[in-house]
Number of protein chains: 2
Amino acid sequence: MNRSDLIYQIKTKKNFLCVGLDPDMTKLPKHLVQEEDPIYEFNRKIIIATAPFCVSFKPNTAFYEAYGLTGIASLEKTIKFIKTNYPNHFVIADAKRGDIGNTSTMYAKAFFNRLNADAITVAPYMGRDSVKPFLQFENKWAIVLGLTSNEGSIDFQQQKINGRELYLNVIETCASWGTENNMMFVVGATKAQMLAEIRKIIPSHFLLVPGIGAQGGSLADVCKYGLNKDVGLLVSSSRAVIYAASGKDFAEKAAQEAKKVAEEMASLL
Amino acid sequence: MNRSDLIYQIKTKKNFLCVGLDPDMTKLPKHLVQEEDPIYEFNRKIIIATAPFCVSFKPNTAFYEAYGLTGIASLEKTIKFIKTNYPNHFVIADAKRGDIGNTSTMYAKAFFNRLNADAITVAPYMGRDSVKPFLQFENKWAIVLGLTSNEGSIDFQQQKINGRELYLNVIETCASWGTENNMMFVVGATKAQMLAEIRKIIPSHFLLVPGIGAQGGSLADVCKYGLNKDVGLLVSSSRAVIYAASGKDFAEKAAQEAKKVAEEMASLL
């Protein structure tokens, strides 16, 4: 999906919610565990229920790899289900990959060509040749980790290089390798005011903002500091939406939760 | 595998070679392509041929994920083959994973429990809670990216924080989260002299050194600056060994190449 199509979806729906699909077998509704493919069934119902209230889905690959071949098969089926039934939803493979050049190219092919994801999250530590291979695919996106929402972001990301935090250096340097049409950045919502600094460096890029909900960030703050003329935000929520309830009504409750966020988004736009 | 068993293998064999298993379908010997599982067949023959001349195998997950479910199945079979037939060889899943705490735990389970790897390479950018979950498994190892051998290592790793390169900060900080019994570091062989600086910080840890061979580093330099009393090195070679030839004699040629490195290692110890 290209930038103008994504912006069209967001502006038409007045919504920039990305639902994180992180299925954990220990948290799935009990009645699903007897299904042939519980993870896929869970995802399928969550997708159907929440699609009207979001513009994007983001499966985190760890939650599929943890179940081996079965899990990877569930991931493939999940993305295929989205792409077949909701082709206007933006699919992010939250994989945080990054390796030397020829190896990153293998990852890019895996996620863009095989899995048909629109975007993949990329870890920047290895530098230019680990990131650039993800930028060589038409209408596909690299979403580079800038500032993450976890406690460990203080260890390196917030350390200063020449008086400026590493994450600002990472964002500025990585931005020079791509364009606002093939690159986005992950910026944790628990640090909403840091968005103001980031927006000075990359006023036009889209930001993927996790950390709303279970990780505890404020949507109003994110909008205050992060919105640009194209909206320029994808805000993700995983656990708060998909585990809103654990009974037979889990999908309905997930939809209610997504709708609540969607309404707040519409009011903030 | 624990540290003393690894050291025993290395000292007994006078060898610290790790063979990288990075099977690329476009580079496999043509006669293998007709096999039901060409990647596994290739790996199996390479493993049998090179096992006498190495102490470790390192499949890079990108080369398996690129072929989807089939590729992941080949990876599972490959590790099972090693663990069944060569239980004293140390298996490193070169996956460069790292995510927020609960998600890193999922990756750790995937690679340690499901795949039965001894170690996984870990990307440090997200900090403490992204690395620590990999340290909670008995006789399993996190191998954290310190200084990588690719050109992009200049972009962030070699930038200075308070007058000292980021990679030195990363190594020192990460080392404080684990011990020499559950943590190693990736240090690129193209910068052998930087090993001296690194050894001041972590004199006892094992270092995984890629970049010998196709990426062009010198084994003598690596030993000069990197050896410690327990050897403390695993030096990996991938393309130079596994693609030494592309005909029916590929495994034999790979063995010759591995043997050449092994002999150099024995002479340097």
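Refer to the structure above for everything that follows.
A. Region of interest: the overall build of chain A. The secondary structure content of chain A amounts to eleven helices and ten strands. Oriented by its inertia axes, the alpha-carbon framework of chain A measures out at about 55 × 45 × 35 Å. Counting all 269 residues of chain A, 57% fall into the buried class.

B. Here's a closer look at the interface of chain A and chain B. Listed by partner, the interface residues are 45 residues for chain A and 45 residues for chain B. Taken together, the elements giving at least two residues each to the side of chain A that touches chain B come down to helix H3 (62-65), helix H4 (68-85), helix H5 (101-114), helix H6 (128-131), strand E6 (160-161) and helix H7 (166-175) of chain A. The element that contributes the greatest number of residues to the side of chain A that touches chain B is H5 of chain A, accounting for seven residues. Taken together, the residues of the side of chain A that touches chain B sort by class into 19 nonpolar, 15 polar and eleven charged.

C. Broad picture of the relation of the copies chain A and chain B. With an axial shift of 0.0 Å and an RMSD of 0.0 Å, the rotation relating chain A to chain B amounts to 180°. Here the symmetry operator amounts to a two-fold rotation axis. Closest approach to the rotation axis within chain A is made by the C-alpha atom of Ile 161 of chain A, at a distance of 2.4 Å. A high fraction, 100%, of the interface residues of chain A reappear at the interface in chain B, so the copies pair face to face through one surface.

D. Summary view of the packing of helix H2 (residues 38-50) of chain B against helix H4 (residues 68-85) of chain B. Residue and element names in this part refer to chain B. At a closest axis distance of 9 Å, the pairing of H2 and H4 adopts a crossing angle of 25°. Judged by the angle between their axes, H2 and H4 are roughly parallel. You can see that H2 and H4 cross each other, and the crossing is right-handed. Mapping the contact onto sequence places Ile 39, Tyr 40, Asn 43, Arg 44 and Ile 47 in H2 and Gly 71, Ser 74, Lys 77, Thr 78, Phe 81 and Ile 82 in H4. Here the contact of H2 with H4 is composed, by residue class, of five nonpolar, four polar and two charged.

E. Representation of the sheet that holds strand E10 (residues 233-237) of chain A. Residues and elements named next belong to chain A. Taking strand neighbours around the barrel as the criterion, the eight strands line up as E1-E2-E3-E4-E5-E8-E9-E10 in a closed arrangement whose pairing is parallel. Ignoring which end each strand starts from, the neighbouring axes of this sheet average 30° apart. Bridge analysis of strand E8 (residues 183-187) against strand E9 (residues 206-209) gives three bridges, and the strand direction is parallel. When the sheet's bridge partners are listed, Met 184 is paired in E9 with Phe 206.

F. Seen up close, the environment of Lys 191 of chain A. Looking at the element boundaries, Lys 191 of chain A is found in the loop between E8 and helix H8 (194-201). Residues Lys 191 of chain A and Ser 237 of chain A, 46 residues apart in the sequence, show an inter-C-alpha distance of 16 Å.

G. Highlighting the nonpolar core. One finds Leu 17, Ile 143 and Val 235 of chain A together with Leu 17, Ile 143 and Val 235 of chain B to be the most contacted residues of the largest nonpolar core, which totals 194 residues. Excluding its chain neighbours within four sequence positions, the residues that come into contact with Ile 143 of chain B are Ile 92, Ala 119, Ile 120, Thr 121, Val 122, Met 184, Phe 185, Val 186 and Leu 208 of chain B.

H. Quick look at helix H7 (residues 166-175) of chain B. Residue and element names in this part refer to chain B. Counted residue by residue, H7 has seven buried out of ten residues, so it is predominantly covered. The complete set of buried residues in H7 reads Leu 166, Tyr 167, Leu 168, Asn 169, Val 170, Ile 171 and Cys 174. Contacts made by the buried residues of H7 are with helix H6 (128-131), strand E5 (141-147), strand E6 (160-161), strand E7 (164-165), strand E8 (183-187) and helix H8 (194-201).

I. Broad picture of the environment of Gln 157 of chain B. The topology assignment puts Gln 157 of chain B in the loop between E5 and E6. Since 24 C-beta atoms lie within 10 Å of it, Gln 157 of chain B is described here as buried. Sequence spacing of Gln 157 of chain B and Leu 147 of chain B is ten residues, and the spatial spacing of their C-alpha atoms is 6.5 Å. In this structure, Gln 157 of chain B is in contact with Tyr 125 of chain A together with Leu 147, Thr 148, Glu 165, Leu 166 and Tyr 167 of chain B, ignoring residues within four places of it in sequence.

J. Representation of the sheet that holds strand E4 (residues 119-122) of chain B within the structure. Residues and elements named next belong to chain B. Taking strand neighbours around the barrel as the criterion, the eight strands line up as E1-E2-E3-E4-E5-E8-E9-E10 in a closed arrangement whose pairing is parallel. Adjacent strand axes in the sheet meet at a mean angle of 30° when their direction is disregarded. Bridge count between strand E9 (residues 206-209) and strand E10 (residues 233-237): three bridges; the pairing is parallel. Looking at E10, one finds that Leu 208 is bridged to Leu 234. Relative to E5, H7 is tilted by about 160°, and along the sheet it contacts E5 and E8.

K. Structural view of unusual backbone geometry. Phi is positive for Lys 96 of chain A, which is not a glycine, with a value near 50°. Structurally, Lys 96 of chain A can be placed in strand E3 (residues 90-97). Phi at Asn 139 of chain B takes a positive value of approximately 60°, unusual for a residue other than glycine. Following the sequence through the fold, Asn 139 of chain B ends up in the loop between H6 and E5.

L. Looking closely at the environment of Tyr 86 of chain B. Residue and element names in this part refer to chain B. Note on placement: Tyr 86 falls in the loop between H4 and strand E3 (90-97). With 18 C-beta atoms counted inside 10 Å, the residue Tyr 86 sits in the partly exposed group. Along the sequence, Tyr 86 and Ile 212 sit 126 residues apart, while their C-alpha atoms lie 24 Å from each other. Ignoring sequence-local partners within four residues, the contact set of Tyr 86 consists of Ile 47 and Ala 51.

M. Just the packing of H8 of chain A against helix H9 (residues 219-226) of chain A, in detail. All names here are of chain A. The geometry of H8 relative to H9 is characterised by a closest axis approach of 8 Å and an angle of 30° between their N-to-C directions. On the basis of their axis angle, the class for H8 and H9 is roughly parallel. In this structure, H8 meets H9 at a crossing whose hand is right-handed. Two secondary-structure elements touch here, H8 through Leu 195, Ala 196 and Arg 199 and H9 through Val 222, Tyr 225 and Gly 226. The class makeup of the residues in the contact of H8 with H9 is four nonpolar, one polar and one charged.

Cut-offs and rules
Residues numbered from 1 in each chain as written. Chains lettered and ligands numbered in written order. Predicted model: local features only at pLDDT ≥ 70, side-chain atom pairs only at ≥ 80, totals over all residues. Helix = DSSP H or I, 4+ residues; strand = E, 2+ residues; numbered from the N terminus. Buried ≥ 20, exposed ≤ 12 C-beta atoms within 10 Å, placed from the backbone. Contact = placed C-beta atoms within 7 Å. Nonpolar A, V, L, I, M, F, W, Y, C, P; charged D, E, K, R; others polar. Least-squares fit on C-alpha atoms with pLDDT ≥ 70 in both. Axes fitted to C-alpha atoms, helices over the stretch in contact; angles between N-to-C directions. Parallel < 35°, antiparallel > 145°, perpendicular 65-115°, else oblique. Left-handed = near helix turned anticlockwise from the far one by under 90°. Pairing = 2+ DSSP bridges. Core = buried A, V, L, I, M, F, W, Y, C linked by C-beta atoms within 7 Å.

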